[in-house]
Amino acid sequence: MLPTFVRSTPDGTETGDFLALDLGGTNFRVLLVRVSGNGKQKVEMENQIYAIPENIMRGSGTELFDHIAECLANFLEKLGIKDKKLPLGFTFSFPCLQTKLDESFLVSWTKGFKASGVEGRDVVGLLRKAIKKRGDFDIDIVAVINDTVGTMMTCGYDDHHCEIGLIVGTGTNACYMEEMRHLELVDGDEGRMCVNMEWGAFGDDGSLDDIRTEFDREIDAGSLNPGKQLFARRLNKMVRLLVPDCDVRFLRSEDGSGKGAAMVTAVAYRLAKQHAERQRILNTLRLNRDQLLEVKKRMEEEMNRGLAKKTHATATVKMLPTFVRSTPDGTERGDFLALDLGGTNFRVLLVRVRSGKRRSVEMHNKIYTIPQDITQGTGEELFDHIVHCIADFVEYMGMKGASLPLGFTFSFPCHQTQLDQGILIKWTKGFKASGCEGEDVATLLKDAIHRSEDFDLDVVAVVNDTVGTMMTCGYEDPQCEVGLIVGTGTNACYMEEMSNVELVDGDEGRMCVNMEWGAFGDRGELDDLCTEFDRAVDDQSTYPGKQRYEKMISGMYLGEIVRNVLLDFTAKGLLFRGKLSERLKTRGIFETKFLSQIESDRLALRQVRSILQHLGLTSSTCDDSILVKEVCSVVSKRAAQLCGAGLSAVVDKIRLNRGLEKLSITVGVDGTLYKLHPHFATIMRETLKDLAPNCEVTLVQSEDGSGKGAALITAVACRLRDAGK
């Protein structure tokens, strides 16, 4: 079961002129094989037979390969192609140990050959040396093969289902395409490789002794020579009998050692050209350390612009004050309501915070729906509906009549001037309730509570879910002073020195700043890193030119970037045999969850193929699956690195703010991409460590920052308010 390093059979797209050298006896052949594709597969061959004199067969290896090179030169000159550097496939039918597609070491001579200095050496290297010594022509030796592999490849050009080669003649052998994960002699476990079985030696260990007859024992090298057709019919019948579940078709191969060598070369050439082109395209999505350091530097510059009064208006990273002045210290206690409004479903929560030895957070919640006519109606109708749902929840919890402090997670763009106030800048996510934009949502909620006259609530805080994420982790870990969300969208917040927050009066203490970093790049700061695929995704988005950083990182867009790369590869014939499926042309069809599934280390390639079949790519091959996996990996790695670069700017700023040589800090993280992708968190952590070496950063997964976090912000605000009294 020898690896041949042949990774693929022909797919019908191979084209070009290829040379083949067929050396297996005292006569050898040189062939020119012309392969033409474009839907009409055609192979034309010209060949010349050359003799090897006996004195050269038994002379030195140098003389033998010089003679072969001279015959090659004669053939090229005869056809007028000596000035062309053509690829060559070398059929060398002697026992060899192959280590690469173009490297094969002769184990021992057979068939009367005794040329000295060849055994134990790479025959491709010896041929290259002889050609170079002449200097009058040059060829590219791409592959060295045996005739069994050539047989499979010759038939594989006409029948793409051909994945087995069989020779039954003077001798017998077989080869087939084996899964890489079963080949322990070769590194890597993805894809397939042709294995040369050398099955003629089967039984040499005595495993066939019980079925060998006295005649077999008498004749150690029998000859199989009945009529060809009779043998073929019996073979076909026996195979069908032994493996009834396999539909096996026998196809006679013509000239496997010559044409087959050229086909191996044609496939290798196609794969090499396609690989080079794919890597050229994917390299535009790969970031080096210098580029990531530049992203960090530009993020730092935009953060400073966002904090400064003078440049805030034109800064892409807005650095919005949240009026959250402190993280939890563990003494918070009491019952708090939280309202989490970010879409057509919203939640009402009761959060019970206990301090002391039995310190804990207990939560109860209920989900309510906002009908579409209310999201499109008036602001009064919307907030009356919300209050009606709160009243239902309070009654459901048996707390009617209680006046509880409330934290309001309102996930729409807001401008805050104090903790319990949020001016709605504009509706998003399909909401169009009139009379709300430009108004304080806390006041709109309070007015609706007063109109209901059912109960009273103290709206203590209007919060953003990123800040809630930081506060949730901050309750468990006092060192948590950064919040990060990497899900459908992305954002970050952190505790900034008040002296740097120029939009708010006062220099004492710290305040949590909502960075709104998704818009980083909107002034062109990321243009040199944006690829044609990023631009395509941006052009097709709801807000072209906006949220450029978010579009390179977050879950809403990664699947779309991958889809655009796959479309480009397919259009260039680098994937799916150049055949586009209509479903793949559909925007949004390649969901980001597919990236997480495809990149899972536990997912076999056949499962990747089932995902591709779901996308209408029913004829995708094993090689296609490997390539799709690589594209997903490159796109998600870039996203994680960009996120890590942004985060390194944040933690280093905190370190410098505090004049520390070393900073130890915790980051609370939430979001489906971070939580569900198999490699995102690891790559982000590695990038962060590399770009901010003086910061020891612990990343902690946050649970329910928008609900529990809102209640904890309210709890901290109540603690500070009580302490002030």
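Residues numbered from 1 in each chain as written. Predicted model: local features only at pLDDT ≥ 70, side-chain atom pairs only at ≥ 80, totals over all residues. Heavy atoms only, no water.

With an unreviewed UniProt entry as reference, the protein chain is termed Hexokinase-2, source organism Cyprinus carpio. Per UniProt, the protein chain carries the Sequence similarities (unreviewed entry) text "Belongs to the hexokinase family." Entered under Subunit (unreviewed entry) in the UniProt record, the comment concerning the protein chain runs "Monomer. Interacts with TIGAR; the interaction increases hexokinase activity in a hypoxia- and HIF1A-dependent manner." (UniProt positions renumbered as here; feature names shortened; annotations may be inferred.)

A separate point is the environment of alanine 681. Mapped onto the elements, alanine 681 comes out in helix H20 (residues 680-691). C-alpha of alanine 681 to C-alpha of valine 486: the two residues are 195 residues apart in sequence and 10.0 Å apart in space. (Helix = DSSP H or I, 4+ residues; strand = E, 2+ residues; numbered from the N terminus.)

As a further point, take the environment of threonine 154. Mapping threonine 154 onto the fold places it in helix H4 (residues 147-158). With relative accessibility at 2%, the residue threonine 154 sits in the buried group. Considered as a pair, threonine 154 and glycine 260 are 106 residues apart in the sequence and their alpha carbons are 4.7 Å apart. (Buried < 20%, exposed > 50% of the residue type's maximum accessible area, 1.4 Å probe, protein only.)

Across the interface, H4 lies against helix H7 (residues 259-282) with an axial gap of 7 Å and an inter-helix angle of 70°. Considered as vectors, H4 and H7 are oriented roughly perpendicular to each other. Here H4 runs over H7; the crossing is left-handed. Contacts between H4 and H7 involve Val149, Gly150, Met153, Thr154, Tyr157 and Asp158 on the former and, on the latter, Lys259, Gly260, Met263, Val264 and Val267. (Axes fitted to C-alpha atoms, helices over the stretch in contact; angles between N-to-C directions. Parallel < 35°, antiparallel > 145°, perpendicular 65-115°, else oblique. Left-handed = near helix turned anticlockwise from the far one by under 90°. Contact = heavy atoms within 4.5 Å.)

Together, Asp204, Asp205, Asp209 and Asp210 line one region of the surface with negative charge. Within the secondary structure, aspartate 210 sits in the loop between strand S11 (192-196) and helix H5 (214-218). (Patch = residues over 30% accessible without salt bridge, like charges linked within 9 Å, V, L, I, M, F, W, Y side chains within 5 Å. Areas by Shrake-Rupley, 256 points an atom, 1.4 Å probe, with all protein chains shown as cover. Salt bridge = Lys/Arg side-chain N within 4 Å of Asp/Glu carboxyl O. Lys, Arg positive; Asp, Glu negative; His and termini not counted. Charge placed at Lys NZ, Arg CZ, Asp CG, Glu CD.)

As a further point, take the pairing of strand S6 (residues 96-100). Taken together, the 4 bridges between S6 and strand S7 (residues 103-106) define a ladder with antiparallel strand orientation. Its bridge partner being in S7, lysine 100 is matched across the sheet by glutamate 103. In this structure, the hairpin formed by S6 and S7 is closed by a connection of 2 residues. (Pairing = 2+ DSSP bridges.)

All told, the structure shown has 48 salt bridges when counted by the stated rule. With its nearest N and O atoms 3.5 Å apart, the salt bridge here joins arginine 181 to glutamate 179. Arginine 181 sits in the partly exposed class, given a relative accessible area of 46%. Here glutamate 497 and arginine 510 are joined by a salt bridge, their closest N and O atoms 3.0 Å apart. Taken together, the residues glutamate 497 in strand S21 (residues 490-497) and arginine 510 in strand S22 (residues 510-514) connect sequence positions 13 residues apart. For glutamate 497, a relative accessible area of 16% translates into the label buried. Bridged by salt links that share partners, the residues Glu294, Lys297, Arg298, Glu301 and Asp528 form one connected network.

As a further point, take the sheet that holds strand S5 (residues 87-92). Here 5 strands make up an open sheet; going across it, the order is S4-S3-S2-S5-S8 and the pairing mixed. Of all the strands in the sheet, just strand S4 (42-51) and strand S8 (140-145) have a single pairing partner and so form its edges. Sheet twist, expressed as the average angle between the axes of neighbouring strands with direction ignored, equals 20°. Sheet topology note: the S5/S8 ladder contains 5 bridges and is parallel. When the bridges of S8 are listed, proline 87 appears paired with aspartate 140. Contacts between helix H2 (residues 61-79) and the sheet are confined to strand S2 (16-23), strand S3 (27-36), S4 and S5, with S4 contributing the most and set at about 130° to the helix.

What follows concerns the packing of aromatic side chains. Within the structure shown, the criterion is met by 19 aromatic pairs. Seen in terms of ring centroids, phenylalanine 90 and phenylalanine 92 are 5.5 Å apart; in terms of plane orientation they differ by 65°. Their pairing is edge-to-face. By relative accessible area, which is 3% here, phenylalanine 92 ends up buried. Put simply, the rings of Phe90, Phe92, Phe94, Trp109 and Phe113 touch in pairs and so form one group of aromatic residues. (Phe/Tyr/Trp six-rings, centres within 6.5 Å; stacked < 30°, edge-to-face > 60°.)

Residues Leu166, Val168, Trp199, Phe202, Met238, Leu241, Leu242, Val243, Val248 and Phe250 make up a contiguous nonpolar surface patch of about 920 Å² in total accessible area. Position of valine 243 relative to the elements: it lies in the loop between helix H6 (228-242) and H7. In this structure valine 243 comes out as partly exposed when scored by relative accessible area, which is 34%.

Our next topic: helix H10 (residues 379-396). Helix length check: H10, at 18 residues, gives a terminal C-alpha distance of 26 Å against a target of 26 Å (1.5 Å per residue), a fit within 8%. Burial in H10 covers these residues: Gly379, Leu382, Phe383, His385, Ile386, Val387, Cys389, Ile390, Ala391, Phe393 and Val394. Positive backbone phi, at 70°, marks glycine 398, one or two positions downstream of H10. (Expected span 1.5 Å × (residues − 1).)

Okay, the UniProt feature "coiled-coil region" (unreviewed entry) in the protein chain next. Residues annotated by UniProt as "coiled-coil region" (unreviewed entry) correspond here to residues 282-309. Secondary structure across residues 282-309 comprises 71% helix and 0% strand; the distance between its end C-alpha atoms is 41 Å.

Our next topic: the sheet that holds strand S23 (residues 663-670). Strands sit in the order S12-S22-S21-S20-S23-S24 across an open sheet of 6 strands; the sheet is mixed. Two strands bound the open sheet, and with one partner strand each, they are strand S12 (320-321) and strand S24 (695-701). Bridge count for S21 against S22 is 5 bridges, and the pairing is antiparallel. Bridge pairing in S22 links glutamate 497 to arginine 510. Strand contacts of helix H12 (residues 465-476): strand S20 (480-486), S21, S22, S23 and S24, with the helix running at about 130° to S20, the strand carrying the most contacts.

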